[in-house]
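Take a look at the letters that make up each chain.
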Amino acid sequence: MALTEVYWDHHIPLPRLAPGLAKIIVALLALLCFVNSYDGEFVFDDSEAIVNNKDLRPTTPLSNIWSNDFWGSNLSSNSSHKSYRPLTVLTFRWNYLVAGDLHPVGFHVLNIILHALVSILMIDIFAILIGGLDYDEKGWIVNHAPKTSLLAAMFFATHPVHTESVAGIVGRADLLCALFFQLSFLTYCKAFNTGSGFSVHWVVVSLSLCAAAMLCKEQGITVLGVNAAFDVLLICNVNVYELSQKLLLRKNGFDMFRMGLLRRLALMLLGGLSMLYARWRIMGTGPPAFTEVDNPASFAENVFLRIVNYNYYYSLNAWLLLCPWWLCFDWSMGCVPLIKSASDWRMVWLLLLWCILIGLIGQALCSQDIQRRRTLTLGLVLLLVPFLPASNVFFRVGFVIAERVLYLSSAGYCLAMYTNICNNMLLCIMVLALLCLYVVRCALRSHQWRSEQSLFISALSVCPLNAKVHYNVGKNLADRGNSTAAIIYYREAVRLHPTYVHAMNNLGNILKEKNELVEAEELLSKAVSIQPDFAAAWMNLGIVQNSLQKFEKAEQSYWNAIRFRRKYPDCYYNLGRLYADQNRHVEALNAWRNATVLKPDHSLAWNNMVILLDNTGNLGQAELIGREALRLLPEDHTIMFSLANVLGKLQKYKESEGFFLHALRINPNAASCHGNLAVLYHRWGKLDLAKKHYEYALKLDPEAPGTRDNYNMLLRKMDQFNRSLP
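The structure reproduced in this document is the subject of the present report. (Residues numbered from 1 in each chain as written. Predicted model: local features only at pLDDT ≥ 70, side-chain atom pairs only at ≥ 80, totals over all residues. Heavy atoms only, no water.)

Description of the nonpolar core
For clarity, the threshold we go by: Joining through side-chain atoms within 4.5 Å is the link that ties buried Ala, Val, Leu, Ile, Met, Phe, Trp, Tyr and Cys residues into a set, and such a set is a nonpolar core. To sort residues, take the accessible area from a 1.4 Å probe on protein chains only and compare it with the maximum for the residue type: under 20% means buried, over 50% means exposed, and anything in between is partly exposed. A run of DSSP states H or I qualifies as a helix once it reaches four residues; a run of E qualifies as a strand once it reaches two. Both are numbered from the N-terminal end. For this analysis, residues touch if any pair of their heavy atoms sits within 4.5 Å.
Grouped together as the largest cluster of nonpolar side chains are 214 residues, with contacts concentrated most on Phe126, Leu133, Phe185, Phe230, Phe329, Trp331 and Val336. Tallying contributions element by element places helix H4 (residues 104–131) first for this core, with 13 residues. Non-local contacts of Phe185, meaning those with residues more than four positions away in its chain, are made with Ile125, Ile128, Leu129, Val223, Val226, Asn227 and Phe230. Residues Ala49, Val89, Phe107 and Ile169 belong to the second largest nonpolar core, which totals 13 residues.

Next up, the structure:
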C-alpha cells in the first residue's frame, strides 16, 4: 500500500517541514486569504437561508430542521428546492444562539475556521494519494511526499474560486460537506491499518461520515466514489489499462478481489443506495422544478444542443479553476449565452477541453511512470467525481455555473496539476509566484463579498449581460434610498430579459412612489400577464390602480393576489384601505381584521382600525381594539397615539395623558403627538401644559395643520382668563 519516497518531491523549492508546522502554515495561509471577510454583512442568498429562515430562531421547534429544506420551506411543498441540509442549518442555529441574534461576524468567523480545518486535512489526503497509505507505530499517517502535499494543500487553501464558499455564509454547506467528506475518506483509510485484511468497523464509520456529509450538502455522497477508486488503484494496486486489456482479451483479471475488494465495494454500494433511497423519501414530492432561467441549457430544443452547452459549461468551470480571475456571484440570465449551432466559435473551447481531458486520461492510463500515473489518476478522480452531481448528467440542476460546487473538485485540480509540473525548478518558481497571486486575488475577492453593494457591482464587469446582476444592483440601490439610480439598473434588467417579472415589479413600485402611475400600471400588468400567479405584482398593481381611482380593477387585483397567496396580510391591509376610501367601512374593518389574524403584529392594520372606528364615532369599539393591539404591540407609539386620542374624546383624560407621554418617550420628536397632547390639556383645563406642548409641536413642525390656530385660541383664552383676575 505504501510507495517509496516520491522522486519529484526534492525538486520542489520548499523546506521539508515537520507535519505540525506544515499544517500551521497552511492554516495561516487559509486565514490570510479570507480573514478580511470576517466582519462582512449577510449578502445575496444569506438573506433567504439565514435572515429570513425561521428555523434558526430558538422559538422554532428543533424538529422543524429535519422536515424543512435549507431555506426553511417544508420539503413536501411544491415550491421547495429540496436542498436537505439539516446539519448545516443546525450550525446556523448554533451561531444564532451563541450570538443571541443575527450577528454576521460569528457566522463568518466559523466559515473561515472551517476552511482552515479543511485545508489542514488536505495535507494528509494529498500525502496518501501521492505517496501511498502508510502508518507509523503510533497510528499516524506517514507522509512520503511532504513537500508536494504541502504545496498542493497551500494551493487548495488559497484558491480564489473558494471565496463564495468561505466569504458567503451559505457556503457553510460546502465547507461542512468537505470536512465530513475528508473524515469519511480518512476513516476508510483507517480500515487498512489493521496489520492484515481490513476492518469492517472503520468502513461502517466511513459510511456514517458519508451520511453526515450528505446531510450538510448532497455532494457528500460522492466520497464513496473516491473511496472506491482509492481502494482499486492504491490498496489493490490495479493498473486500469492492464486490467481493461485483460478483460477485453478475457484473461483472468480478478486477483484483487481476493483482497476483500468485493466485500468493501458491496458495503459501500449498499450504504450508498440506502442513503439515496432515504434522500428520495425525504424529498417527498419528487425532484425540484427548475425554470429555463435557472438552467437554460437543460431546456434547449434538442439533445445535441443540450450536450454541447453542458460541455461548454464544463469548459467554463475548468477555466475558473485554471484562471480564477473572473468570478461572479451568479452566472444565470444571459451571462453565458447558449450555443445554438455547430458554427459557434465557442465550440473551440469544448474541443480543447476534451483534447486536454483525453490527454490526461491517456497519460493516467498509459504512463510508464507508476507514481505519476497513480497520482494523476487519483487527481482526476478527485476532480471529476465530486463534480458529477452538478454536471446535469443524472438530473437537472438549478444553475448554469456555481463556483461553490468546485470547492471539493479544486482539490483534485491541485493534486493533478501541481504534482505533475514540479519536476522543473523554473516551473516550481513560477508556481510559487502563482501562489502569491492567488493570495492577493483571494483577499480582493473576499473584500468584495463583505457587502452586497461591492459584490453586485463587481459582477457588472464579469457578466454585463446578466439581467439578475443588474436587478440586484438596482435592488441594493433602492434599499439604500437611491431610487433614481435603481431605475436605470431595473430598466436594463428588463431590457436584457424582457420577461423578468421581478424586475418589472420592483421598477413598478419605484415608479409608483414617484407618482409615475401610468407606466407603473403598464409594467405591473405585463408582469402578471407573464406570470399570472405572481401575488406580489397583483397587490402592487392594485395599489397603483387605487391611486388612479380605478377602484373596481384595484379590488379585483387585490383578490387575485389573495387567491394566489391566501395568507397575505399586506394585501388584506391594502384592500382595507381601498374599502375605507370608498366608505365601505365594515368591509375595511373585516379586511384589516384578516390582516391582524394572519399577522398579529401588523401595526398599520391595527392602527387603521382604531382610526376608522374613531372617525365614525365608534369610540367604545375603538378603545377595545386599541387595547387589544397594545397587548400584542406594547411599545408601538402609533397605536398609543391613536388610542390616546380616543380616550381623550371619551374624557378619560388621565389615561389618555399616560398613553401620550409613553408615546413621546418612545418618539420624542413627534410633532403631532405634542399637538394632540396639547389639545388634551386644553380640554382638560391644564392651560400651561397645553401651551408648553403647542410650542413644542410648532417648534418641530411650524406648518402643522390646526396647531397654530389652536395655539392662538389658547393664548386668547389665557389672556381673557388673566384679565378676569382681580
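With respect to the packing of helix H29 (residues 653–666) against helix H30 (residues 671–684)
How we decide: Note on geometry: axes are lines fitted to C-alpha atoms, helical ones only across the stretch in contact, with angles between N-to-C directions running from 0 to 180 degrees. Any angle that is under 35 degrees is reported as roughly parallel, and any over 145 degrees as roughly antiparallel; angles of 65 to 115 degrees are reported as roughly perpendicular and all others as oblique. Crossings are classed by handedness, with left-handed meaning an anticlockwise turn of the near helix from the far one by less than a right angle and right-handed meaning a clockwise turn. Side-chain classes follow a simple rule in which Ala, Val, Leu, Ile, Met, Phe, Trp, Tyr, Cys and Pro form the nonpolar group, Asp, Glu, Lys and Arg form the charged group, and the remainder, Gly included, forms the polar group.
Two elements in contact, H29 and H30, have axes separated by 10 Å at closest approach and are oriented at 160°. What the angle tells us is that H29 and H30 run roughly antiparallel. Crossing angle aside, the handedness with which H29 passes H30 is left-handed. Residues Tyr653, Lys654, Ser656, Glu657, Phe660, Leu661, Ala663 and Leu664 of H29 pack against Cys673, His674, Asn676, Leu677, Leu680, Tyr681, Arg683 and Trp684 of H30. Considered class by class, the residues forming the contact of H29 with H30 number 10 nonpolar, 3 polar and 3 charged.

Quick look at the state of the cysteines
Short version of the rule: Cysteine sulfur atoms that pair up within 2.5 Å are treated as a disulfide.
The full count for this structure, using the stated rule, is 1 disulfide. The disulfide bridge from Cys335 ends at Cys463, spanning 1.7 Å between sulfur atoms. In this pair, Cys335 sits in the loop between helix H12 (303–322) and helix H13 (347–366) while Cys463 sits in the loop between helix H17 (452–462) and helix H18 (467–479), placing the two residues 128 residues apart along the sequence. The class for Cys335 is buried, based on a relative accessible area of 15%. Among the residues examined, Cys463 registers a relative accessible area of 1% and is labelled buried.

Notes on the pattern of salt bridges
The criterion, for reference: Throughout this description, the term salt bridge denotes a Lys or Arg side-chain nitrogen within 4 Å of a carboxyl oxygen of Asp or Glu.
In the structure shown here, the tally under the stated rule is 23 salt bridges. Put simply, Asp479 and Lys475 hold a salt bridge, and the shortest N to O gap is 3.5 Å. Of this pair, Asp479 and Lys475 are both found in helix H18, 4 residues apart, which corresponds to roughly one turn of the helix. Owing to a relative accessible area of 56%, Asp479 belongs among the exposed residues under this scheme. One network of salt bridges, with partners in common, ties together Glu623, Arg627, Lys652 and Glu655.

Focus: H30
Rules: Expected span of a helix, by definition, is 1.5 Å for each gap between consecutive residues, and there is one gap fewer than residues.
Given a rise of 1.5 Å per residue, 14 residues ought to cover 20 Å, and the 20 Å separating the end C-alpha atoms of H30 matches this to within 8%. Turning to H30, its buried residues are Ala671, Cys673, His674, Gly675, Leu677, Ala678, Leu680, Tyr681 and His682. Downstream of H30 by a residue or two, Gly685 has a phi angle that is positive, lying close to 90°.

These results come straight from atomic positions and should not be treated as a statement about function.
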